[in-house]
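Structural features, examined
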Amino acid sequence: MRSISKQQILNAVEQFCFEGIYQSHETFGNGHINDTFRLVFQTEKQETKRYILQRMNKDIFTKPEQLMENIVGVTSYLKKTIAANGGDPKRETVNVIPAKDGMMYYVDAQKEYWRAFYFIEDAVSLEQVETPEDFYESAVAFGRFQRQLADYPAETLHETIPGFHDTKARFAVFREAVEKDVCQRATSVKPEIDFVIKREQITKVFGDLLAKKEIPLRVTHNDTKLNNIMMDKQTGKGICVIDLDTVMPGLAMNDFGDSIRFGASTALEDERDLTKVWCDMDLFEVYTRGFIKGCGGRLTRREIELLPMGAKVMTFECGMRFLTDYLQGDTYFKIHRPGQNLDRCRTQFKLVWDMEQKWQTMQEIVKKYE
Ligand code: ADP
Ligand code: GN1
Ligand code: MG
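Residues numbered from 1 in each chain as written. Chains lettered and ligands numbered in written order. Predicted model: local features only at pLDDT ≥ 70, side-chain atom pairs only at ≥ 80, totals over all residues. Heavy atoms only, no water.

Considering helix α10 (residues 307-328)
- With 22 residues, α10 ought to run about 32 Å at 1.5 Å a step, and its terminal C-alpha atoms sit 31 Å apart, in line with that.
- Most of α10 is tucked away: 21 of the 22 residues are buried. (Helix = DSSP H or I, 4+ residues; strand = E, 2+ residues; numbered from the N terminus. Expected span 1.5 Å × (residues − 1). Buried < 20%, exposed > 50% of the residue type's maximum accessible area, 1.4 Å probe, protein only.)

Section: unusual backbone geometry
- In this structure, Gln 184 takes a positive phi of about 55° despite not being glycine.
- Tracing the sequence through the fold places Gln 184 in the loop between α4 (167-180) and α5 (190-198).
- Judged by its relative accessible area of 68%, Gln 184 is exposed.
- Unlike most non-glycine residues, Asp 243 shows phi in positive territory, near 55°.
- Relative to the helices and strands, Asp 243 resides in the loop between β10 (238-241) and β11 (248-250).
- On the basis of relative accessible area, Asp 243 is assigned to the partly exposed category, the value being 26%.

Here's the deal with the nonpolar core
- Core analysis: the biggest nonpolar cluster contains 101 residues, and Phe 135, Phe 206, Ile 260, Phe 284 and Leu 323 have the highest contact counts within it.
- Of the domains in this structure, domain 1 (6-119) and domain 2 (132-367) are the two that each give at least three residues to this core.
- The contact partners of Phe 135, leaving out residues within four places of it in the chain, are Val 129, Leu 226, Ser 259, Ile 260, Gly 263, Ala 264, Leu 283, Val 286 and Tyr 287.
- The next biggest cluster of nonpolar side chains, apart from the first, holds 15 residues, and it includes Phe 37, Leu 39, Phe 41 and Ala 99. (Core = buried A, V, L, I, M, F, W, Y, C linked by side-chain atoms within 4.5 Å. Domains from an automatic or database assignment. Contact = heavy atoms within 4.5 Å.)

Some words on the packing of aromatic side chains
- Within the structure shown, the criterion is met by 20 aromatic pairs.
- Between Phe 135 and Tyr 287 the ring centres are 4.8 Å apart and the planes differ by 45°, which places this aromatic pair in the tilted class. Residue Phe 135 is located in helix α3 (residues 132-148), and its partner Tyr 287 is located in helix α8 (residues 281-294); the two are separated by 152 residues in the primary sequence.
- The class of Phe 135 is buried, set by a relative accessible area of 1%.
- Residue placement shows Arg 199 over the ring face of Phe 195; its charged tip is 3.7 Å from the ring centre.
- Lys 312 extends its terminal NZ or CZ atom over the ring of Trp 359, reaching a point 4.3 Å from the ring centre. (Phe/Tyr/Trp six-rings, centres within 6.5 Å; stacked < 30°, edge-to-face > 60°. Lys NZ or Arg CZ within 6 Å of the ring centre and 35° of its normal.)

Notes on α8
- Helix length check: α8 (14 residues) gives 20 Å between terminal C-alpha atoms against 20 Å at 1.5 Å per residue, within 8%.
- The element α8 is extensively covered by neighbouring structure, given that 11 of its 14 residues are classed as buried.
- Those residues of α8 that fall on the buried side of the exposure criterion are Met 281, Leu 283, Phe 284, Glu 285, Val 286, Tyr 287, Thr 288, Gly 290, Phe 291, Ile 292 and Gly 294.
- The inward-facing, buried residues of α8 contact α3, α7 (252-263), α9 (301-305), α10 and α12 (359-367).
- Residue Asp 280 occupies the N-cap position of α8, its side-chain oxygen lying 2.8 Å from the main-chain nitrogen of Asp 282. (Polar contact = N/O pair within 3.5 Å; in protein donor to acceptor, adjacent residues only side chain to side chain.)

With respect to the environment of Ile 9
- Examined against the element boundaries, Ile 9 turns out to sit in helix α1 (residues 6-14).
- Owing to a relative accessible area of 5%, Ile 9 belongs among the buried residues under this scheme.
- A sequence separation of 65 residues divides Ile 9 from Val 74, and the C-alpha atoms of the two residues are 27 Å apart.

Re the environment of Thr 36
- Its location among the elements puts Thr 36 in strand β2 (residues 35-42).
- A residue is classified by how much of its surface remains accessible, and Thr 36, at 16% relative accessible area, is buried.
- Along the chain, Thr 36 and Cys 318 lie 282 residues apart, while their C-alpha atoms are 22 Å from each other.
- Setting aside residues no more than four positions away along its own chain, Thr 36 makes contact with Glu 26, Thr 27, Phe 28, Ile 52, Leu 53 and Gln 54.
- Here the side chain of Thr 36 touches Gln 54 through a polar contact of 3.0 Å, side chain to side chain.

With respect to the packing of α8 against α12
- At a minimum axis distance of 10 Å, the contact between α8 and α12 shows a crossing angle of 30°. As summarised for this structure, α8 and α12 are arranged roughly parallel, according to the angle between their axes. Relative to α12, the crossing made by α8 is right-handed. Along the contact surface, α8 presents Met 281, Phe 284, Glu 285 and Thr 288, while α12 presents Thr 361, Met 362, Ile 365 and Val 366.
- Grouping the amino acids of the contact of α8 with α12 by side-chain chemistry returns five nonpolar, two polar and one charged. (Axes fitted to C-alpha atoms, helices over the stretch in contact; angles between N-to-C directions. Parallel < 35°, antiparallel > 145°, perpendicular 65-115°, else oblique. Left-handed = near helix turned anticlockwise from the far one by under 90°. Nonpolar A, V, L, I, M, F, W, Y, C, P; charged D, E, K, R; others polar.)

Let's talk about the sheet that holds β10
- One open sheet holds the three strands; their spatial order is β7-β9-β10, and the pairing between them is antiparallel. Strands at the two margins of the open sheet, each flanked by one partner only, are β7 (123-124) and β10.
- Where strand β9 (residues 229-232) and β10 come together, three bridges link them in antiparallel fashion. Paired with Met 231 across the strands is Gly 238, a residue of β10.
- Together, β9 and β10 form the strand contacts of α3, whose direction differs from that of β10 by roughly 45°. (Pairing = 2+ DSSP bridges.)

Laid out in structure tokens, this is it:
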């Protein structure tokens, strides 16, 4: 993770078409990948305008130009659909603010890539579900996002992170990290390593079904955690899906599953007290209902039947990714304290274990909605 100076931020602020005079900036949100700032500007009429400025993580997104092409393509498309349905395109999708030279991003002297968005006002992004209704509304919104993009030309999308949810390939990377053990941490996490190895089978399920053409590739979000959606403060509705860096062809079950691993957990992703971590079956059902509704009848019976598998695969994959990063020296996910990636890994594995205990119940829940 590269450092970032105040001067670098102020220089980037200068490059975009913001309205008004710059007042202040602060680091913002809890994303694990990009560096996000909230900017405050004031117009001549004394109106306050706020914006999001991000330094993109070019170690992870190695082709930021292609990434921005995806985002501009998808958001332009969404804006048309939203307007056609009488919605507010400024609020219901992220809106990229161009740089003063007309480009959709700015590259600074250090070859860092920056971008800017309108700040979605009167909305919140949540780190944990506060009420089942919130979770339901987020499910409807993520499902709707998938439906809105159902006819998007998938072939025009760049693969921003190759093999992003190729769980089998991620297992291979994990094994290599264990073998190399560059930080000499492997011995201390033997139970977690064994947990993964014992469940290698999980990593193959979706790849095999795709190969047999039993499940379709769709344009999906691929990073559907609760804090990647803005909820309207007044109505509690999920209004805008954000963090579009990984919109690519993917699986409906994975979008469902990633939301479950984060939102149906009874604790935060990095909770250290594992006795607090469970997969809540009421929340699982609430999300199932909302997601299927949001997808608007487009999911096949097979996809619905596989939703519990999506939850298990995504939770397992995410835990394995946190563990891999811990073994490799915390180079991928941002950490705010030593051992945080290991704590994150442990919550995910506790959830996988809990889902294994509740497997029958999960199957019965989705059956109600087939
Ligand atoms: P990361 O890839 O690091 O997760 P995100 O794009 O998700 O970055 O942004 C991090 C956080 O910043 C989000 O979880 C959300 O709280 C906030 N955020 C991002 N974009 C906006 C926006 N347009 N309006 C309001 N808040 C935003
Ligand atoms: C990252 O960008 P963010 O914080 O919304 C990650 C997801 C993980 C998640 C775990 C591009 O999401 O895949 O599931 O952390 N995003 C990327 O919290 O790797
Ligand atoms: Mg995010």
